[in-house]
Amino acid sequence: DNLIILYDANEVTLDKMAEYTQSEDVLKRYEAYGWEVYDIDGHDLAVIEETIAAAKASNNGKPKFIKCNTIIGKGMEETEGTNAAHGEAGVPYVDNAKKNIGLPEGEKWFVSEGTRDYFGEVQAKNEATYNEWQATYKAWSEANPDMAKELEDAIADNVMSADDMIAAIPELNAGAEATRVSGYKVIQEISKLVPNYISGSADLHGSTRNYIDGAGNFGAGFDKDYAGKNLYFGIREHAMGSILNGIAYHGIFKASGSTFLVFVDYFRPTVRVAGLAELGRVSWILTHDSIGVGEDGPTHQPVETVSGLRVIPNVDVYRPADAEETVAAFVSSVTRKEGPTALIFSRQNLDQNDAVPAMERRAGALKGAYVAKKEEGDLDTIVLATGSEVQHALKAAEGRAGVRVVSMPCMEAFERQSDEYKEEVLPSSCTKRVAMEAGVSGLWYKYASKVVGVDRFGFSAPGDIVMKELGMSADNLSGVLDSMQ
């Protein structure tokens, strides 16, 4: 109940008066949400001050919504109270409007002495409040040094290095399993190593598998309390994305939210804002990552979605191929500070690339790409793959001495590596390259001259059948390699 919203209700939109397109009762809507609402004259400063004071004094557990009824362009006779005042139409009348409300002529940015005096007093009052708080905090931190360090580390976004975190997480020794299942195991370790890490789901915990065991549920009522680390967002993907961004802006917690990958379009604007604002504290756990979803059909089978996320600046998109790559993906999501991370996990079981030691897979995945199978003779062909398609690439390369397989779970992380490392993984001398992913092919042509992708929508059938019919198999890739000889 310490949240107060002042809603400017001027009854216009850019194109028309608001009544032309809107018929809702805003106050009733917010009352239905559980807010305490107020309806006031937004031009009466005394009433505004009284209402804010009343809202602050009301400790009833409800956030406060103050509808301030105003006249747009007030004092600008030519456009006052109309949608014309919303845009550039009112610009020619600004100077006369200022004169009409008693502002001095010729001063573009007039601030009265009374206003300056008022804010000078506010500054002095705030300084006193700040100094009092600093003294209180100093006494508390001296009495509680461990908790103070944890809080200060959280505010400063101090976590152990990615390399140390990778080393601290035990090898998973997984059999064939979906990366969403691997993710469930990894998030338990992340929660231990990053005490300010919290996670939630838009009504899909049972499928996305990001519930933190023993950490409680956040909120009030039922089995929830405000110490809980698991957030239940309900069927509110866009709200989830906005809340995650708000948590990051607040600056204490690292937060992730989960849903099916195909539903990311419901909150894509919040993903864009997180990238734009470089919110490194935010990540998204997006499962059921491809046509492998199966029977739910093309409405639930993302084909363009992973590439759609990859093109958003500052967003890292990790699509790991097995459990150990999943460790690296999670670690990167809580240690990188320059932007948010999308963790793309499979519904179906994937093979583990146990031919490469676990720590090597983790280290390689942290760099975005690495050699998952080195050629056994002179290098002739490079096969790049990501996620569930790496297993097909490894099988297709069997018995082909000149074929190297590169796992590329994160294009963005790979692009940040040194030129020397990129040349080591993808030698420029080897131009015969094919890439494979169960999604649209476009972005892969940066790395390969041939792409085995899915440039169409899927269909409803068991996931393995959809994969096979649309070319996502070792046999199909092997045929493509044969054709390139």
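Each remark here, short or long, concerns the structure printed above.
Residues numbered from 1 in each chain as written. Predicted model: local features only at pLDDT ≥ 70, side-chain atom pairs only at ≥ 80, totals over all residues. Heavy atoms only, no water.

Novice: What is the right way to read the nonpolar core from this model?
Specialist: Nonpolar side chains in soluble globular proteins generally cluster together in the buried interior. In this structure, Ile-190, Tyr-197, Ile-291, Phe-330, Leu-384, Met-408 and Leu-426 are the most contacted members of the largest nonpolar core, which totals 72 residues. The element best represented in this core is helix α12 (residues 323–335), accounting for seven residues. Those residues in contact with Leu-426, other than ones at most four positions away along the chain, are Ile-382, Leu-384, Val-406, Met-408, Phe-414, Arg-433 and Tyr-447. Formed by 25 residues, the second largest nonpolar core is a distinct cluster that contains Ala-202, Ile-247, Leu-261 and Trp-284. (Core = buried A, V, L, I, M, F, W, Y, C linked by side-chain atoms within 4.5 Å. Buried < 20%, exposed > 50% of the residue type's maximum accessible area, 1.4 Å probe, protein only. Helix = DSSP H or I, 4+ residues; strand = E, 2+ residues; numbered from the N terminus. Contact = heavy atoms within 4.5 Å.)

Novice: How do you make sense of the sheet that holds strand β16 (residues 450–452) when you look at a structure like this?
Specialist: The strands that make up a sheet are held in pairs by hydrogen bonds between backbone atoms, and each pair lies either parallel or antiparallel. What the five strands build is an open sheet, ordered β12-β14-β13-β15-β16; its pairing is mixed. A strand with exactly one partner marks an edge of an open sheet, and here the two such strands are β12 (370–373) and β16. Direction aside, neighbouring strands of the sheet carry axes that sit 30 degrees apart on average. Direction of pairing for strand β13 (residues 381–385) relative to strand β14 (residues 403–407): parallel, over a ladder of five bridges. Looking at the pairing, Val-383 lines up with Val-405 of β14. (Pairing = 2+ DSSP bridges. Axes fitted to C-alpha atoms, helices over the stretch in contact; angles between N-to-C directions.)

Novice: Please explain the packing of helix α4 (residues 113–143) against helix α5 (residues 145–156) as it appears in this structure.
Specialist: Packed helices, taken two at a time, are described by the angle between their axes plus the distance between the axes. Put simply, α4 and α5 touch, their axes get as near as 5 Å, and they point 120 degrees apart. With respect to their mutual orientation, α4 and α5 come out oblique. Residues Tyr-137, Trp-140, Ser-141, Glu-142 and Ala-143 of α4 form the contact with α5, whose participating residues are Pro-145, Met-147, Ala-148, Leu-151 and Glu-152. (Parallel < 35°, antiparallel > 145°, perpendicular 65-115°, else oblique.)

Novice: Got a minute to help me understand the pairing of strand β3 (residues 64–69) in this structure?
Specialist: Residues in a regular strand project their side chains so that they alternate between the two faces of the sheet. Counting buried residues in β3 gives five out of six residues, a clear majority hidden from the surface. Across six bridges, strand β1 (residues 4–9) lies against β3 in parallel orientation. Following the sheet pairing, Ile-4 is matched in β3 by Lys-64. Note: strand β2 (residues 36–41) against β3, six bridges, orientation parallel.

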